[in-house]
Amino acid sequence: MARHIGRMMMAVFAMVSGMVFLASPVWAAESTPVVTSHTTATLVSAVDAVGQEESQADGGTLRVGLRLQLKPGWHTYWQNPGDAGEAPHVHVMVSGSRSGGTDTVAWPVPERIPEGGLMAYAYQGDVLLPVRVPLQGRGAGAVQVTARADWLVCADVCVPEKGVFSLALSAVASDVVPDAAEAALFRRADAAMPQPSPFEARLGPDGLLTLHGAGLSPDTVRQAWFLPQEGGVIAQNAPQPLSVQTGQLALTLKPDSYAHPPFWQKPLAGVVVLVDAAGSRSALQVTAVPVSGASPAVPVVAATGNRERPVWSSLLSAFLGGVILNLMPCVFPVLAMKILSFAHMGGAGWRTRWRSAAFYTLGIMGCFALLGALMMALRYGGSSVGWGFQFQSSAFVVGVGWLLFVMALNLLGVFQITGGRLAGRAGQMAAGHGPASDLLAGLLAVIVATPCTAPFMGVAIAVALGGPIWSGLLIFLSMGLGLAAPYGVLALVPGLAQRLPRPGGWMERLKQLLAFPLLASCVWLLWVAVLQRGGDAVLLMAGGAVLLGLGSWLYGLAQQRAMLGQAPRFVLGCRLLALLCLLVCLAGLGRSVVMDDESGSPVAATGKTGAAIQGQDGPTIEPFSAERLAALRAAGQPVFVDMTASWCVTCMVNEHVALDVPSVRQAFRQHGVTILRGDWTRRDERITAFLRAHDRDGVPLYLYYPSGGAEQVLPQILTPGLVLDVLSPAGKRGKEE
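Cut-offs applied
Within every chain, residues take consecutive numbers counted from 1 along the sequence as written. Per-residue local features are limited, in this predicted model, to residues with pLDDT of at least 70; the limit for side-chain atom pairs, both in listing and counting, is 80 or more; totals at the level of whole chains, interfaces and linings are taken over all residues. Excluded from the side-chain calculation are hydrogens and water; included are all heavy atoms of the structure. By definition, any uninterrupted DSSP run of H or I lasting at least four residues is a helix, any uninterrupted run of E lasting at least two residues is a strand, and each is numbered from the N terminus. Note on exposure labels: buried denotes an accessible area under 20% of the residue type's maximum, exposed denotes more than 50%, and partly exposed covers the range between, all computed with a 1.4 Å probe on protein chains only. Pairs of residues are marked as contacts when any of their non-hydrogen atoms sit within 4.5 Å. Areas reported as accessible are Shrake-Rupley estimates using a 1.4 Å probe. Residue values count occlusion only from the protein chains shown. Salt-bridge detection follows one rule: a side-chain nitrogen of Lys or Arg within 4 Å of a carboxyl oxygen of Asp or Glu. To define axes, lines are fitted to C-alpha atoms, for helices over the stretch in contact only, and angles between the resulting N-to-C directions are given on a 0 to 180 degree scale. Each angle receives one of four descriptions, namely roughly parallel if under 35 degrees, roughly antiparallel if over 145, roughly perpendicular if within 65 to 115, and oblique otherwise. We call a crossing left-handed when the near helix sits turned anticlockwise from the far one by less than a right angle, and right-handed when that turn is clockwise. Polarity classes work like this: nonpolar for Ala, Val, Leu, Ile, Met, Phe, Trp, Tyr, Cys and Pro, charged for Asp, Glu, Lys and Arg, and polar for all others, with Gly in that last group. What makes a nonpolar core is a set of buried Ala, Val, Leu, Ile, Met, Phe, Trp, Tyr and Cys residues whose side-chain atoms join them at distances within 4.5 Å. As used in this structure description, the phrase polar contact means that two N or O atoms lie within 3.5 Å; if the pair is within protein, one of them must be able to donate a hydrogen and the other to accept it, and residues adjacent in sequence are counted only when both atoms belong to side chains. Between the rings of Phe, Tyr and Trp (Trp by its six-membered ring), a pair exists once the centres lie within 6.5 Å; its type follows the angle of the planes, with under 30 degrees stacked, over 60 edge-to-face, and the other angles tilted. Think of it as a cone above the ring: NZ of Lys or CZ of Arg counts as a charge over the ring if it is within 6 Å of the ring centre and within 35 degrees of the ring normal.

Caption draft 1: Structural detail: the overall build of the protein. Broken down by element type, the protein carries 21 helices and 26 strands. Within the protein, the fraction of its 737 residues that count as buried is 49%. Of all intrachain contacts in the protein linking residues separated by at least 6 positions in sequence, the fraction that spans at least 24 positions is 74%. Summed over all atoms, the accessible surface of the protein reaches about 33400 Å², with 62% contributed by carbon and sulfur.

Below you can see the structure in the form of structure tokens.
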């Protein structure tokens, strides 16, 4: 009897112990969740325990995964997020009786989600990102699984999220490991994985992706699309016309204009999604092998989109844009040097005028060629840059501000710019003419002109950066020729030159007066630098200006003593001190470049970014995002997109003259228009991608999306009447008709 009672007590004890053991966290197949307002994230395991794996030389593998349960309307991204976004990152470590680690995710096939002219590859709802961890060791003890993950979720806005997860798994005494309840999640993820393709894949230089093999026919394939494994290879938002024949399928892909090398020169990996007549989907992992020569003749529907522009048309647009650029406020500071040059040509011979125009044109076209070559090199290297990209660097803004400040000191007579020995040339260079002065005027004209985009320039620059190198350089040179053309005409036409006033004492006073537009430009550039870097920019730029002013004064003092042939040691000392001032400024500028590289997100510029702003007599202004644009359009609300930058003088003029005026503000509010303002003051890849999607490589860009209508692209130079006409129902009807 006692023995029977003892056995019963032992059984009860074992059952209770087992229940406690099963309830303990070492058997947990799902970690404690990380909960946000958009996501519930956990680390899950396909099994409740790990086996001893006695039959394997290593410790086997363990399948775990990051589970993201997303709120309705939110999504996260695939390994190639598309035109915008960021893929999740997961790093898993196993410790205990066995060890291992990996950060390789097995990616289920995503959905394609259009986002305001861009294309995203993303997941919605309940998604599992599986990870297979190789294990080392064959111990019988428990293992601890830890993971660190970060991911981006987007809806109207994008929110970066992260979490640290942990779960413990016990070891069982056999190789047979029971599945966890979460194993169904892994089976569902496996069903969504792309399968190895049984078809031969080829890629032609004309962008034709073909699959060859038995089973392909118009009856088995009704729809298809290609998802590239890497971004920046094809134009991901472009249509992919499909053609199917018995044994062959063809998709026409549009290459990304800035892919380097071109995507047809290397294997193209990705996923082809096929949809049959019943609507069932299958996904195939393919690696298309490049083939030379023309693609096989397959009747493919012509791709929609803009036709290629002839080179001569782009050259004409570039030339006209360069001519109009002379009227842009960006070039106003250089008018000081131009006007002085014009005045000096009064009464000069044809040879002198021709040489002046030639060197001025050479400076402009040479600078345009260098700038264009740099932009194309950066594009082919994978960087996203556009017209005026250098002004996104606060170091460049400070450097240009210092240059204009020194030029103003020169015009005020603090020192003289010389190209050789002072004797015999100082008077000529001080007067503001001569080859070196004309060349410098051309270089400076291009530098200060880049914050502006004149009409005709936007499309020309986009064609230059997207086409062959030779045509791109020709387009930039044509733009430079247009900028130099008015000066050349004035210099070479005798009748115009004779109408200029004769040189005289008035020129010195005019020269000093025209220094003040340069000083005003320095104030503007200081404002831009402060918007980019905050208060530190004041110390850098203003402090550097004081040092440069001291150095210029010392250099001018040395010039005066040298011209009189006095105190050579004093002259040498002044020049050395001036050089020291310059070196200190250059060191500060170098440090500024490093800080630019280490800086984070842009500083909000005068309300252009940040939270939504709604005035009592004006429209709602929100920071631009492709997700917010898509949401507003889906809700049927009219939207005005304003792509701007604090260094873009054209943008500032349009804002104060045409957008921020009472009549236009009232019209925006009356029609319920939401303004989405994209600030490109600092580099923003999303804005760059949006500009590229609209064949633009610079700001400003203005788009109007009427309620339920197609987008309307506005000119780069705005007037209140033009904006009111676009907003009014009568204006919209006129455009539709």
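Further notes follow.
Caption draft 2: Broad picture of the pattern of salt bridges. Inspection of the entire model under this criterion finds 10 salt bridges. A salt bridge links Asp-126 to Arg-188; the nearest nitrogen and oxygen atoms lie 3.9 Å apart. Taken together, the positions of Asp-126 in strand β10 (residues 126–134) and Arg-188 in helix α2 (residues 183–191) put the pair 62 residues apart, joining distant regions of the chain. On the basis of relative accessible area, Asp-126 is assigned to the partly exposed category, the value being 29%. According to the relative accessible area criterion, Arg-188 is partly exposed, its value standing at 42%. Between Glu-655 and Arg-677 there is a salt bridge, with the nearest N and O atoms lying 3.9 Å from each other. Of this pair, Glu-655 sits in helix α17 (residues 649–659) while Arg-677 sits in strand β24 (residues 674–679); the two residues are 22 residues apart in sequence, bridging distant segments of the chain. Of the two residues, Glu-655 and Arg-677, both sit in the buried class. A single network of salt bridges, built from pairs that share partners, joins Glu-30, Arg-67, Asp-126 and Arg-188.

Caption draft 3: Summary view of the packing of helix α18 (residues 662–670) against helix α20 (residues 720–727). At their nearest, the axes of α18 and α20 sit 10 Å apart, and the two run at 15° to each other. Here α20 runs roughly parallel to α18, going by the angle between their axes. Handedness of the α18/α20 crossing: left-handed. Side by side, α18 and α20 meet where Ser-663, Val-664, Ala-667 and Phe-668 of the first sit next to Pro-720, Val-723, Leu-724 and Leu-727 of the second. Residue composition of the contact of α18 with α20, grouped by class: seven nonpolar, one polar and no charged.

Caption draft 4: Seen up close, the nonpolar core. Of all hydrophobic cores here, the largest spans 42 residues; its most connected members are Leu-62, Val-64, Val-92, Val-145 and Trp-151. Per-element tally for this core: the top contributor is strand β11 (residues 143–154), with six residues. Residues Leu-632, Phe-640, Val-673 and Leu-703 belong to the second largest nonpolar core, which totals 36 residues.

Caption draft 5: How the structure looks around the packing of helix α6 (residues 394–411) against helix α14 (residues 536–564). Two elements in contact, α6 and α14, have axes whose closest approach is 10 Å; the angle formed by their N-to-C orientations is 35°. Viewed along their axes, α6 and α14 form a crossing whose handedness is right-handed. Seen from α6, the contacting residues are Val-398, Gly-401, Trp-402, Phe-405, Val-406 and Leu-409; seen from α14, they are Leu-540, Met-541, Gly-544, Ala-545, Leu-548, Gly-549 and Ser-552. Partitioning the contact of α6 with α14 into residue classes produces nine nonpolar, four polar and no charged.

Caption draft 6: Seen up close, the environment of Gln-236. You can see Gln-236 is positioned in the loop between β16 (223–228) and β17 (242–245). Residues in contact with Gln-236, not counting those within four places in the same chain, are Asn-80, Gly-82, Asp-83, Met-119, Tyr-121, Pro-228, Glu-230 and Gly-231. A polar side-chain atom of Gln-236 sits 3.4 Å from the main-chain carbonyl oxygen of Gly-82.

Caption draft 7: The arrangement of the side chain of Ser-552 in detail. Here Ser-552 shows up in helix α14. Reaching out from Ser-552, the side chain makes a polar contact with the backbone oxygen of Leu-548 at a distance of 2.8 Å. Those residues in contact with Ser-552 that lie beyond four places of it in its chain are Val-406, Leu-409, Val-414 and Phe-415.

Caption draft 8: Looking closely at the packing of aromatic side chains. Considering all chains together, one arrives at five aromatic pairs under this definition. Ring plane angle 80° and centroid distance 6.0 Å describe the contact between Trp-78 and Tyr-121, whose orientation is recorded as edge-to-face. In this pair, Trp-78 sits in strand β5 (residues 75–82) while Tyr-121 sits in strand β9 (residues 118–124), placing the two residues 43 residues apart along the sequence. Among the aromatic residues, those joined into a cluster by ring pairs are Phe-640, Phe-668 and Tyr-702. One Lys or Arg, Arg-561, reaches over the ring of Phe-570 and ends 4.7 Å from the middle of that ring.

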